[in-house]
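# Observations on the three-dimensional arrangement
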Amino acid sequence: MHPMLNIAIKAARRAGTIVNRASLDLERISVARKGPRDYVTDVDRAAEESIVETLQAAYPDHAVLGEEFGLQGPEQAEFQWIIDPLDGTTNFIHGLPNYAVSIALTQRGQVTQAVVYDPSRNELFTASRGSGTFLNDRRVRVSSRTRYAEALLGAHWPRSGDADAGGGRFRQMTENCSGVRRMGSTVLDLAYVATGRLDGFCGLKLKPWDVAAGSLLIQEAGGLVADLDGEQGWMDSGNVLAGSPKIFTQMLAALQPKQD
Ligand code: IPD
Ligand code: CA
Ligand code: CA
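Residues numbered from 1 in each chain as written. Chains lettered and ligands numbered in written order. Predicted model: local features only at pLDDT ≥ 70, side-chain atom pairs only at ≥ 80, totals over all residues. Heavy atoms only, no water.

An unreviewed UniProt entry lists the chain under the name Inositol-1-monophosphatase, with Bordetella genomosp. 4 as the source organism. UniProt, in the comment section headed Sequence similarities (unreviewed entry), describes the chain in these words: "Belongs to the inositol monophosphatase superfamily." (UniProt positions renumbered as here; feature names shortened; annotations may be inferred.)

Structure representation (structure tokens):
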């Protein structure tokens, strides 16, 4: 195993322990609002602190970009970690066990290592560029389903109105598949595409820490990640389309405006 992946796993498991402990007594958690429908708890912060501490102890020259504390270290560092200490905070606050810790490493802007850890199910998703994707110790691949009518998609749009944006573009994509799930953790949705539990995913206005690790999990599992036009640049725009090659292609086609 790549040593940097090993450190990332250690950091993710430690953060997972913090999250699991806190989940036993949700009444004690202090919750603050960062914006409409955007919450942060002391658990998010404690988990991020713990991850940063583990990463920086091993790699003091690396930069870290975290959701809660922003960028630490040099902006132009060759290696930058991108972390979401708790993705699915709203689920967590409600005691709904669908959330995860996400840690990605970029080297000169390219994601090379990825860890997603679901502490409530003890599921660890990992990938190193060029070495495949694993769930716990088992190699996984994206789904082999080919018929769009049978595809199950994950989705994230911040407000329900966004699903109608672009002249019904999204409706065309979602109406013809088998089902769409909005489960509240983009990080887990992407990990589930990588393991074939979901056939595809579409999300809008996401942040780098929501998608960095999941994108490598999907690519190393044989899937595709792009923006809604099939181009790169999704990490900056936050608009992400992902899936197995067969389903991705059909999602992309369904998203294109119909010519009259
Ligand atoms: C959120 C989750 C959610 C997505 C939001 C994210 P957070 O992350 O990924 O699925 O819909 O856009 O902000 O705030 O729980 O880390
Ligand atoms: Ca997130
Ligand atoms: Ca978060």
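Moving on from the coordinates now.
## Thoughts on the coordination of the calcium ion (ligand 2)
Summarising the metal site, the calcium ion (ligand 2) is bound by the protein donors D84 (OD), D87 (OD) and D210 (OD), whose distances to it range over 2.1 to 2.2 Å. Donor residues binding the calcium ion (ligand 2) come from one chain and are separated in sequence as D-x2-D-x122-D. In this structure, the calcium ion (ligand 2) lies 3.8 Å away from the calcium ion (ligand 3), the two metals sharing D84 as a donor. (Donors = N, O, S within 2.8 Å, 3.2 Å for Na, K, Ca; no water.)

## Topic: the site of ligand 1
The immediate surroundings of ligand 1 are formed by E67, D84, L86, D87, G88, T89, H156, G184, S185, T186, L206 and D210. Between an oxygen atom of ligand 1 and a side-chain N or O atom of D84, the distance comes to 3.2 Å. One of the backbone nitrogen or oxygen atoms of G88 is found 2.7 Å away from an oxygen atom of ligand 1. Contact with the protein chains hides 80% of the accessible area of ligand 1, taken as 370 Å² for the molecule alone. Considering every element that reaches the shell around ligand 1, the biggest residue donor is strand β5 (residues 79-87), with 3 residues. Each residue belonging to the shell around ligand 1 can be placed in one class, and the counts come to 2 nonpolar, 6 polar and 4 charged. Each of domain 1 (3-139) and domain 2 (148-255) gives at least three residues to the shell around ligand 1. (Near = heavy atom within 4 Å. Polar contact = N/O pair within 3.5 Å; in protein donor to acceptor, adjacent residues only side chain to side chain. Areas by Shrake-Rupley, 256 points an atom, 1.4 Å probe, with all protein chains shown as cover. Helix = DSSP H or I, 4+ residues; strand = E, 2+ residues; numbered from the N terminus. Nonpolar A, V, L, I, M, F, W, Y, C, P; charged D, E, K, R; others polar. Domains from an automatic or database assignment.)

## Describing the UniProt feature "binding site: Mg(2+)" (unreviewed entry) in the chain
In the numbering used here, UniProt assigns the "binding site: Mg(2+)" (unreviewed entry) feature to E67, D84, L86, D87 and D210. Taken together, the annotated residues stretch across 144 residues yet fold into one region, lying no more than 9.9 Å apart by C-alpha. Mapped onto the elements of the fold, L86 is located in strand β5. Dropping the residues within four chain positions of it, L86 is found in contact with V19, V43, D44, F92, Y99 and A100. Secondary-structure assignment places D210 in helix α6 (residues 208-220). (Contact = heavy atoms within 4.5 Å.)

## Quick notes on the packing of helix α1 (residues 3-23) against helix α2 (residues 42-58)
It is at 9 Å that the axes of α1 and α2 come closest, and there the two elements cross at 160 degrees. Judged by the angle between their axes, α1 and α2 are roughly antiparallel. Once α1 is placed against α2, the crossing between them reads as right-handed. Within the contact between the two elements, α1 uses I7, A8, K10, A11, R14, A15, I18, V19 and A22 and α2 uses V43, A46, A47, S50, I51, T54, L55 and A58. Among the residues making up the contact of α1 with α2, the classes are represented as 13 nonpolar, 2 polar and 2 charged. (Axes fitted to C-alpha atoms, helices over the stretch in contact; angles between N-to-C directions. Parallel < 35°, antiparallel > 145°, perpendicular 65-115°, else oblique. Left-handed = near helix turned anticlockwise from the far one by under 90°.)

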